[in-house]
Structure formats: structure tokens, C-alpha cells
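Residue-level structure breakdown
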Amino acid sequence: MAAAQLLRKNLHIAKALSFSFRMMSSVQGNAGVSYTYETLNVCQARNNVLHVELNRPDKRNAMNRSFWSEMVECFNKIANDSDCRAIVLSGAGKIFTSGIDLTDLGSDVLQQQGEDLARIAWNLRKKILEYQETFNVLEKCPKPVIAAIHGACIGAGVDLITACDIRYCTQDAWIQVKEVDIGLAADVGTLQRLPRVIGNQSLVNELAFTARKMMSDEAKSCGLMRPLGT
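As the structure is a computational prediction, the values presented were derived from the model and not from experiment.

Here's the deal with the packing of helix α2 (residues 65-79) against helix α4 (residues 117-140)
Look at α2 against α4: their axes get within 9 Å of each other, and the N-to-C directions meet at 30°. Classified by the angle between their axes, α2 and α4 sit roughly parallel to one another. Crossing of α2 over α4 shows left-handed handedness. Contact with α2, carried on its side by Phe67, Trp68, Met71, Val72, Phe75 and Asn76, involves Tyr131, Glu133, Thr134, Phe135, Val137 and Leu138 of α4 and no other residues of that element. Here the residues of the contact of α2 with α4 are counted per class, giving nine nonpolar, two polar and one charged.

Structure representation (C-alpha cells):
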């Protein structure tokens with residue numbers, strides 16, 4: 001019996017090592033890749049670990065027009081950076097992020113242009129697909145993406161963290177699926193990924209329909225986050 005258990009354990013280890021080697025061999029890139037952005041601050045936290053920081057602290061890290069394209073560019077570069085093996089994603093300033101910058105993107109999501117409802121809906125769909133790709137690149141990144149959340153994580157911030165592989169939070173962290181308050185659906189990733197992350201569709205529905213805050217203790221208890229320092 002003990003021998004059989006040891007064999008199974010060794011098989012699991014062998015499979016894990018095989019997967020790791022496949023992932024490492026699939027990453028191609030050059031050393032010394034440059035990361036310079038308006039809304040992101042990228043630096044090397046330690047050997048082979050990049051720190052990507054949402055860097056609009058004066059605007060509570062609200063996601064403006066530049067952010068959505070820069071995230072795609074940044075993580076596509078990281079995917080091919082052979083010096084990077086893991087990414088830590090955080091927010092500068094007092095909170096993680098306040099979500100979409102409606103002062104910059106309000107016309108994109110709330111005042112779609114078009115001659116009729118069909119064209120308005122078509123244009124909105126194209127825009128949403130573009131926004132979804134901003135967070136899809138996190139999910140598709142071949143290196144682990146670790147979110148470090150402090151303070152508020154609102155609206156599109158929840159879309160962002162659910163696309164990460166691991167989520168850690170401080171005691172003062174909280175999330176809010178805020179879109180319903182402005183007549184939107186959280187369809188840039190939250191409604192698709194959050195049920196898989198926490199395994200509770202009823203809770204996801206409650207958060208999306210009520211826009212209530214989920215504090216860190218509840219987020220940890222439902223499996224969405226882990227406390228920093230553990």
C-alpha cells in the first residue's frame with residue numbers, strides 16, 4: 001500500500017515537472033526588455049520577478065483609455081521575456097483601483113454612437129471585446145500572475161483580479177462589483193470568471209445585483225483571496 005502511494009506521488013511530481021519544463025521551453029524572448037508606460041510602472045522586484053503597478057494614484061488608479069491598450073502591450077511583452085518567471089500586480093497609492101475612468105471612457109460605454117439600436121449594439125460589442133482582451137492577456141500569460149490587493153478594488157478591478165492566478169489581500173481590502181449602479185453588466189470578465197474562482201453562482205449573483213461591498217474576511221472565506229503573509 002505504501003509503495004503504491006509513493007508511486008502515485010512520484011507520478012504526480014513527474015507530471016508537474018514535465019508541465020513546468022514545457023511552460024519554460026515555450027517562453028521565448030530577449031534579456032533587457034524595456035517597459036515604459038503612462039499608466040503602469042514596471043520594475044524588477046527580485047531576480048526573475050517583475051512588479052507591474054497600476055500607476056495613477058492621483059486618480060485612484062482609474063482605468064483610462066491608455067490603460068486598456070498598455071496592459072495588452074505590457075503582458076504580451078512579459079509573455080516573451082525570458083528573464084521573467086513570475087509577475088506581481090499591485091496598485092500605487094491608497095487603493096488598488098477604482099475601476100473604469102468614466103471621465104475618459106464614459107462615451108465609450110454609456111453614450112455609444114450609431115444611427116440605430118443595432119449599430120449601437122454592434123459598436124458596443126466590439127468595444128467590450130477590446131476591453132475583455134485587456135484582462136484575457138493576464139489569463140493567457142504563461143507566467144504566474146499574482147495580484148496583491150489593498151484598499152478598494154472596484155468594478156473593472158474585480159474583472160482584473162479574477163484573471164490572475166493567485167490573489168493576496170491586506171486586511172483593509174474590499175471588492176465591489178459596481179457596474180449595476182451605472183446600468184452596466186460586469187462582462188469584462190467578472191461574470192465569466194468569478195463563479196469559477198469561488199464556486200458559488202448564488203453569491204456572484206448577489207454581488208452583481210446589489211453592488212454591495214465584500215470585505216476582506218468574506219473574500220478570504222469564500223476563496224477569492226488569501227491574506228498577505230501566509
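Thoughts on the environment of Ala152
Counting through the fold element by element, Ala152 comes out in strand β5 (residues 152-154). With relative accessibility at 4%, the residue Ala152 sits in the buried group. Taking the C-alpha atoms as reference points, Ala152 and Met215, separated by 63 residues in sequence, lie 9.3 Å from one another. If we ignore the near neighbours within four places in the chain, the residues touching Ala152 are Ile95, Phe96, Thr97 and Trp174.

Rules and cut-offs
Residues numbered from 1 in each chain as written. Predicted model: local features only at pLDDT ≥ 70, side-chain atom pairs only at ≥ 80, totals over all residues. Heavy atoms only, no water. Axes fitted to C-alpha atoms, helices over the stretch in contact; angles between N-to-C directions. Helix = DSSP H or I, 4+ residues; strand = E, 2+ residues; numbered from the N terminus. Parallel < 35°, antiparallel > 145°, perpendicular 65-115°, else oblique. Left-handed = near helix turned anticlockwise from the far one by under 90°. Contact = heavy atoms within 4.5 Å. Nonpolar A, V, L, I, M, F, W, Y, C, P; charged D, E, K, R; others polar. Buried < 20%, exposed > 50% of the residue type's maximum accessible area, 1.4 Å probe, protein only.

This is a description of form; function is not addressed.
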